[in-house]
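Close look at the chain arrangement
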Amino acid sequence: MNPDSVRPVGHIVIDIENITKDYVMGEEVVHALRGVSLQICGNEYITIMGPSGSGKSTLMNMLGCLDTPTSGRYDFNGRNVADMNDDDLAAIRNREIGFVFQTFNLLPRSTSLRNVELPLIYAGIDSETRQERATQTLIDVGLGDRLHHKPNELSGGQRQRVAIARALVNNPSIILADEPTGNLDSKTGEEIMALFEDLYQRGNTIILVTHEADIARHARRRVYLRDGLIENDDTAAGRKMAPAAVAHR
Amino acid sequence: MKRFLYELTEGWKIATAQMRSNMTRSVLTALGVIIGIVAVTLMGTAINGISTGFDKSMAVLGDDVLYVGQWPWKQVDDWWNYRDRKRIKTEYAEPLNRMIAAAPNSNLVVAVPTSNLIRSVKFAGNEVNNVYVMGTTSDFVSTSTIDCKEGRFFDEMEARGGSNVCVIGYDVADALFPSESPLNKSVLINGQAFKVIGINSRQGTFLGLFSWDSMVVMPLPAFNKYFSAKSESDIRVKVKDKTRLADAKDELTGYMRRVRGLPPEKGDDFSINEQQAFKSTLAPVKNSIAIAGLFITGLSLFVGAIGIMNITFVSVKERTKEIGTRKALGARRRTILLQFLIESTALCLLGGFIGLLFAYFLCLGIGKAFPDFPIHFSVGLVIASMVVSVLTGLFSGFAPAWTAARLDPVAALRYE
């Protein structure tokens, strides 16, 4: 890792404290998270790692505001989201979070442009601005010549780029990627990781959920989960703290 | 509001794209609604047609004419009280007309006696059965919708003199004289020859109700001479101002009591009828036909709606992951609800539109095949069926759309 490529972090975006999540499975209560505390600042590049069953998916859903914790505090950009209702969470997801999924989750019958426009539609932005921004974002991820192709006319790598463009288009505070290379061959995977690196260098905050150490090595900070608890938060790996963030700690 | 319109237009775009990509399925599903809408609209036009048909037949009676008869024009439970009433005689017309002329502010214009019975009419080798033969005076024209397309009605001289002349209806003329003009030809009724001096223009018949098309009118003295034996008589009285029908009725009742010489303590032994009474006895029949018909055809629309509901449920199930993705990207519950409602409504509108086209052409066809049936395809019907389509879409789409809107995003994203 080249320490020079580490960028100074910004203010605290995500601040969770002692959150737990219980699922009721039949008669049994599963404690997926048993009290996790984590702070993520602007312009961090962090992976969340752990074996299956470690609670990393649950943590990701929590961070992505797809789910609310059973207990604990979750502040997103200073707003407490732990008690928000469905529609408020939808608004946060729309404006603050860009999702990248393992299976891309593109709308199969819509063009790249239309897929990338989707978050802007839900933000209520007019058609002209939408097209402009979606086109620009697709150009940024290197798909300027694939605007009107449908997903089945694109390669796996290109599909994931469309999905990344879709995650970026609303200028979210964080990009939340769940095994983004899981369905790609290693070469294409490396290209996607290069794109994430590029996004990080341009100032985005990236949270990567993966179980592959190879992929995790791209990140500047690694959080290991086991049995619903943080086992190790590898913050030391060349992380530069902004004065404000240091003061906060 | 603006936000709602925005969501509506975006939802519409998504819905039409969805329908296009599932063309076969959309059309098959819409078929249920198409059939339903065709059934309902055809029933609607039929009910309209029956209604106008009734009104047209009623118009023959005239809305400014009172009919003095032995029986009232309504269902009576105590028919024995009416059976023994004295018959109405055509001679009453004369004293009635005198009283009308003598009254300074009479609401009545003229009393016209009519006698009638059913006979066959012959000419050369042709014969028409069940013709309504009527004897009356020349004043009859003013109380009826008779309108000669050829020739004329008999005049007062002919009427008083009892000449053997007659005016025939369109169907009678058509049957007896397929290739020549009936004017000045003599038709045989009961072996008696009557010269045709007028042919009434076509009125059309409906559901076997009375029409001038199958009748023959002649002067009363001639009628009495040959047919008086088994005939039925009544007196028609034309009213001056039809908005004051009740006053006219009272006046006429008074005159009739004088004609009959009834002492004050006795009740009327005659009935004064009007078109309205007849209409109101028929109205419940008409309404129950309409309700039953619409209910039965409504069932077929309901079946179509269930089809839409089913396919929307399937669509929600199939697209669970897509719904999860949309939610992750920031779609609110309302947005998802609206999207599926719009989809089901768009399907129903498509079905409604196609169904309406079908119904329109069917109506044209029926109109061509049965010109007598007064079929009506109105703008109101078009609007009504479109509204029904939209309501059907909302009704059938609501349950699946609600399910979709309430999906848990985590579970939906994980769904395979």
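Before going into details, it helps to say that this report is about the structure given with it. (Residues numbered from 1 in each chain as written. Chains lettered and ligands numbered in written order. Predicted model: local features only at pLDDT ≥ 70, side-chain atom pairs only at ≥ 80, totals over all residues.)

Of the regular secondary structure elements, chain B holds 14 helices and 10 strands. Expected size for 416 residues packed as a compact globule is a radius of gyration near 22 Å; at 32 Å, chain B overshoots this value by more than 25%. Seen along its three principal axes, the alpha-carbon backbone of chain B occupies a region of about 100 × 60 × 40 Å. Residues classed as buried in chain B amount to 41% of the 416 residues present. A separation of at least 24 residues holds for 82% of the contacts in chain B among residues at least 6 apart in sequence. (Helix = DSSP H or I, 4+ residues; strand = E, 2+ residues; numbered from the N terminus. Rg over C-alpha atoms; globule rule 2.2 N^0.38 Å. Buried ≥ 20, exposed ≤ 12 C-beta atoms within 10 Å, placed from the backbone. Contact = placed C-beta atoms within 7 Å.)

Here we take up the packing of helix α3 (residues 112-122) of chain A against helix α5 (residues 156-168) of chain A. All names here are of chain A. One can describe the packing of α3 onto α5 by two numbers: an axis separation of 7 Å at closest approach and a directional angle of 30°. Looking at the two axes, α3 sits roughly parallel to α5. Here the hand of the crossing between α3 and α5 comes out right-handed. For the pair α3 and α5, contact is made by S112, N115, V116, L118 and P119 and by V162, A165 and R166, respectively. (Axes fitted to C-alpha atoms, helices over the stretch in contact; angles between N-to-C directions. Parallel < 35°, antiparallel > 145°, perpendicular 65-115°, else oblique. Left-handed = near helix turned anticlockwise from the far one by under 90°.)

Moving on to helix α2 (residues 86-96) of chain A. Residues of α2 of chain A that are buried: L89, A90, I92, R93, N94 and E96 of chain A. Where α2 of chain A is buried, its residues contact β4 (71-76), β6 (97-100), α3 and β7 (174-178) of chain A together with α11 (320-328) of chain B.

All names here are of chain B. If you trace the backbone, N48 turns up in helix α2 (residues 23-59). Taking the C-beta count within 10 Å as the criterion, N48 has 18 such neighbours and is therefore assigned partly exposed. Sequence separation of N48 and F377 is 329 residues, and the distance between their C-alpha atoms is 8.7 Å.

Residue and element names in this part refer to chain A. Ordered by their spatial adjacency, 4 strands build an open sheet running β2-β1-β4-β5, and the pairing between neighbours is antiparallel. Both outer strands of the open sheet, β2 (28-41) and β5 (79-80), are each paired with one neighbouring strand and no more. As paired strands, strand β1 (residues 12-25) and β2 are joined by 11 bridges and run antiparallel to one another. Its bridge partner being in β2, T20 is matched across the sheet by R34. (Pairing = 2+ DSSP bridges.)

What follows is about the interface of chain B and chain A. Contacts between the two partners involve 18 residues from chain B, matched on the other side by 19 residues from chain A. Mapped onto the side of chain B that touches chain A, the elements with two or more residues apiece are α1 (2-21), α11, α12 (333-369) and α14 (409-414) of chain B.

Residues and elements named next belong to chain A. Spatially, β6-β7-β8-β3-β9-β10 is the arrangement adopted by the 6 strands of the open sheet, whose pairing is mixed. Unpaired on one side and paired on the other, β6 and β10 (229-234) mark the two borders of the sheet. In this sheet, adjacent strand axes meet at a mean angle of 20° when their direction is disregarded. Pairing geometry for β6 and β7, over 4 bridges, is parallel. Of the residues in β7, the one forming a bridge with I97 is I174. Running at roughly 170° to β6, α5 makes contact with β6 and β7 of the sheet.

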